[in-house]
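Overview (structure and organization)
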Amino acid sequence: MKSEGDIIQKQGKIIKGIAGFYYVLAEEKLYECKAKGVFRNKSIKPLVGDNVAIDVIDETEKNGNIIAIEERENELIRPAVANVDQAMIVFALKQPNPNLNLLDKFLVMMEFQNIETIICFNKKDIADETFMEQLKTIYNNAGYRVIFASATEDEGVETVKRFLKNKTTVFAGPSGVGKSSMLNALTKNYTMETGSVSKKIGRGKHTTRHSELFEIDEKSFVFDTPGFSSLFVPGMVKERLEDCFPEFGEYVGQCRFIGCAHLNEPDCAVKTALEDEKISISRYDNYKLMYQELKEKEKRYD
């Protein structure tokens, strides 16, 4: 923190943005800020997760202006957040049953944006052990770390915390899977004044529409992101899809034809690996569905 005249400057992190206002966590206090016009002139939009410098205009009302944005480590297009270390996708094992096509689409989206992803299956207290083992095999073989937890029973929550330690993590999942329960379990020792935070940023009213950053501890943060509407990012084309299935990696160069789509071509190493059960049928089927979706999308825009 430094002072210039009557203006106090602080360093902080944007934890939420709504309708042109940005809520900056600085020195364990939350400031409602506007972005200086210079950012608009340079076509720079502040993002949740940005590390920023602010001028504090009113310390009592906690109002200020964002005057500088530090260089970003990275920037995701969807969800639109900055400075992400990893993603964690939360799905229920039961009630509702996991939609593996939706899960695989999210994994593809994160692979395309070069973000490492951990899978957390919630509600293990009501799940079938055999089904859990099947899921673990499918996704471990695809190169992903898998955690089984129950937020309501406080099972596996400490394991989740270990994976989030000293990281900034995109936390995502469809409705009904217990994502909010898991977030509450992770942040139950939250040290900020949660009442004033809720009042200032309007939690509840906006949680399904905006990304929000929560502090687990001083160096650990989670982005609570809105539900998915579209799960393909700009720039994704069908030819890039194979790169987003890590388990295909060692086989794609062994196919008979260069540019093999791994669908109907003869002597396809990916399909041979599928027949040898080195690639799971559910992952391959979802690859085919996504490939067709991208193909149809390209046709519409030709």
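Predicted model only: the values in this text are computed from it and were never measured.

Regarding the overall build of the chain
The secondary structure content of the chain amounts to 8 helices and 12 strands. Looking at the chain as a whole, 49% of its 302 residues qualify as buried. Contacts spanning at least 24 positions in sequence make up 68% of the contacts within the chain whose residues lie at least 6 apart. When the accessible surface of the chain is split by element, carbon and sulfur atoms take 46% of a total near 15,500 Å².

Considerations on the nonpolar core
One finds Ile66, Leu103, Phe121 and Tyr139 to be the most contacted residues of the largest nonpolar core, which totals 72 residues. At 8 residues, helix H2 (residues 100-112) tops the list of elements feeding residues into this core. Membership of the second largest hydrophobic core comes to 20 residues, among which are Met88, Val177, Leu183 and Val222.

Focus: helix H5 (residues 179-186)
Among all positions of H5, only Lys179, Met182, Leu183, Ala185 and Leu186 are buried. Buried positions in H5, seen along its axis, are confined to an arc of 160° and lie on one side of it. Residues of H5 that are buried sit in contact with strand S7 (86-92), strand S8 (117-122), helix H4 (157-164), strand S10 (168-172), strand S11 (212-217) and strand S12 (220-224).

A short note on the pattern of salt bridges
A full pass over the atoms with the stated rule returns 19 salt bridges. Across the pair Glu59 and Lys29 runs a salt bridge whose closest N-O atoms are separated by 3.5 Å. Here the residue Glu59 occupies a position in the loop between strand S5 (51-58) and strand S6 (63-69), and Lys29 occupies one in strand S4 (residues 29-35), the gap between them amounting to 30 residues. Note on Lys29: relative accessible area 35%, which makes it partly exposed. The salt bridge partner of Arg240 is Asp243, with a shortest N-O separation of 3.4 Å.

The rules behind these values
Residues numbered from 1 in each chain as written. Predicted model: local features only at pLDDT ≥ 70, side-chain atom pairs only at ≥ 80, totals over all residues. Heavy atoms only, no water. Helix = DSSP H or I, 4+ residues; strand = E, 2+ residues; numbered from the N terminus. Buried < 20%, exposed > 50% of the residue type's maximum accessible area, 1.4 Å probe, protein only. Contact = heavy atoms within 4.5 Å. Areas by Shrake-Rupley, 256 points an atom, 1.4 Å probe, with all protein chains shown as cover. Core = buried A, V, L, I, M, F, W, Y, C linked by side-chain atoms within 4.5 Å. Arc of directions from axis to C-beta. Salt bridge = Lys/Arg side-chain N within 4 Å of Asp/Glu carboxyl O.

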